[in-house]
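# Overview (structure and organization)
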Amino acid sequence: MKTLVVYYSLEGNTKYISEIIANELNADLIELHTKKQFPSSGFKKYFWGGKSVLFKEQPELTNENINLQPYDSIILGTPIWAGTYAAPLNTFLKQYKMIGKDIALIACHAGGGADKCFSAMRKALGSDNNMVGQIDFIEPLKRDKDGNFKKAVKWSNSLKMS
Ligand SMILES: Cc1cc2nc3c(=O)[nH]c(=O)nc-3n(C[C@H](O)[C@H](O)[C@H](O)COP(=O)(O)O)c2cc1C
């Protein structure tokens, strides 16, 4: 069984969690990078990130072509922007079609909840995959970093993937 964790992170929270999970599952790890950087502080951060989601933008990724074929399981990680998945994940989901994979979802947010984001991701993924789990974290770098580390490890080990 081969697992890939693919994530985007603007401020490091999703990166922190994705690295823990990839390490725990012995998975490959790919961070999505955008050609145009999103501002990571102040009003601009919310403005440009929020706008990219509202307009369903697909910011260009600088990652080399990702070959999903060898992977049985794919874990997707995103920060929540304006209630849903971040625009770079939108690019990924539009660019890469996944069929017949075990898929799990990770989201980091500031307390607004992740249900809407997970529903939107499931819808974008379509019904050709086997959804095996989802988990969200509230700003794990700022709040209870160690507790969130343990939560990520426990979840990784609870996943039932082929
Ligand atoms: C543009 C933008 C929009 C956001 N919208 C939400 C939101 O709707 N709900 C929420 O709980 N947090 C929201 N946040 C906070 C982030 O989801 C949260 O800080 C997350 O942990 C960031 O993950 P990262 O460090 O991997 O980028 C938003 C942050 C940004 C930059």
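Above this text sits the structure in question.
Heads up: these notes are all about the structure in this document. No experiment lies behind these values; they were computed from the predicted model shown. (Residues numbered from 1 in each chain as written. Predicted model: local features only at pLDDT ≥ 70, side-chain atom pairs only at ≥ 80, totals over all residues. Heavy atoms only, no water.)

### Remarks on a nonpolar patch on the surface
Where nonpolar side chains cluster on the molecular surface, the patch consists of Phe 43, Phe 47 and Trp 48 and spans about 360 Å² of accessible area. By the element assignment, Phe 47 lies in helix H2 (residues 42–54). (Patch = residues over 30% accessible without salt bridge, like charges linked within 9 Å, V, L, I, M, F, W, Y side chains within 5 Å. Areas by Shrake-Rupley, 256 points an atom, 1.4 Å probe, with all protein chains shown as cover. Salt bridge = Lys/Arg side-chain N within 4 Å of Asp/Glu carboxyl O. Helix = DSSP H or I, 4+ residues; strand = E, 2+ residues; numbered from the N terminus.)

### Some words on H2
Here H2 contains 13 residues, and its C-alpha end-to-end distance of 19 Å stays within 8% of the 18 Å for a straight helix at 1.5 Å per residue. Listed in full, the buried residues belonging to H2 are Lys 45, Gly 49, Gly 50, Ser 52 and Val 53. Seen along its axis, H2 keeps its buried residues to an arc of 160°; they face one direction. Within H2, the exposed residues directed more than 90 degrees away from the buried face are Phe 43, Lys 44 and Leu 54. (Expected span 1.5 Å × (residues − 1). Buried < 20%, exposed > 50% of the residue type's maximum accessible area, 1.4 Å probe, protein only. Arc of directions from axis to C-beta.)

### A look at the packing of helix H1 (residues 13–25) against helix H5 (residues 145–158)
It is at 9 Å that the axes of H1 and H5 come closest, and there the two elements cross at 40°. Taken together, the axes of H1 and H5 are oblique relative to one another. Both H1 and H5 take part in a crossing whose hand is right-handed. Between H1 and H5, the residues in contact are Tyr 16, Ile 17, Ile 20, Ile 21, Glu 24 and Leu 25 and Lys 145, Asn 148, Phe 149, Ala 152, Val 153, Trp 155, Ser 156 and Asn 157, respectively. Taken together, the residues that form the contact of H1 with H5 break down as nine nonpolar, three polar and two charged. (Axes fitted to C-alpha atoms, helices over the stretch in contact; angles between N-to-C directions. Parallel < 35°, antiparallel > 145°, perpendicular 65-115°, else oblique. Left-handed = near helix turned anticlockwise from the far one by under 90°. Contact = heavy atoms within 4.5 Å. Nonpolar A, V, L, I, M, F, W, Y, C, P; charged D, E, K, R; others polar.)

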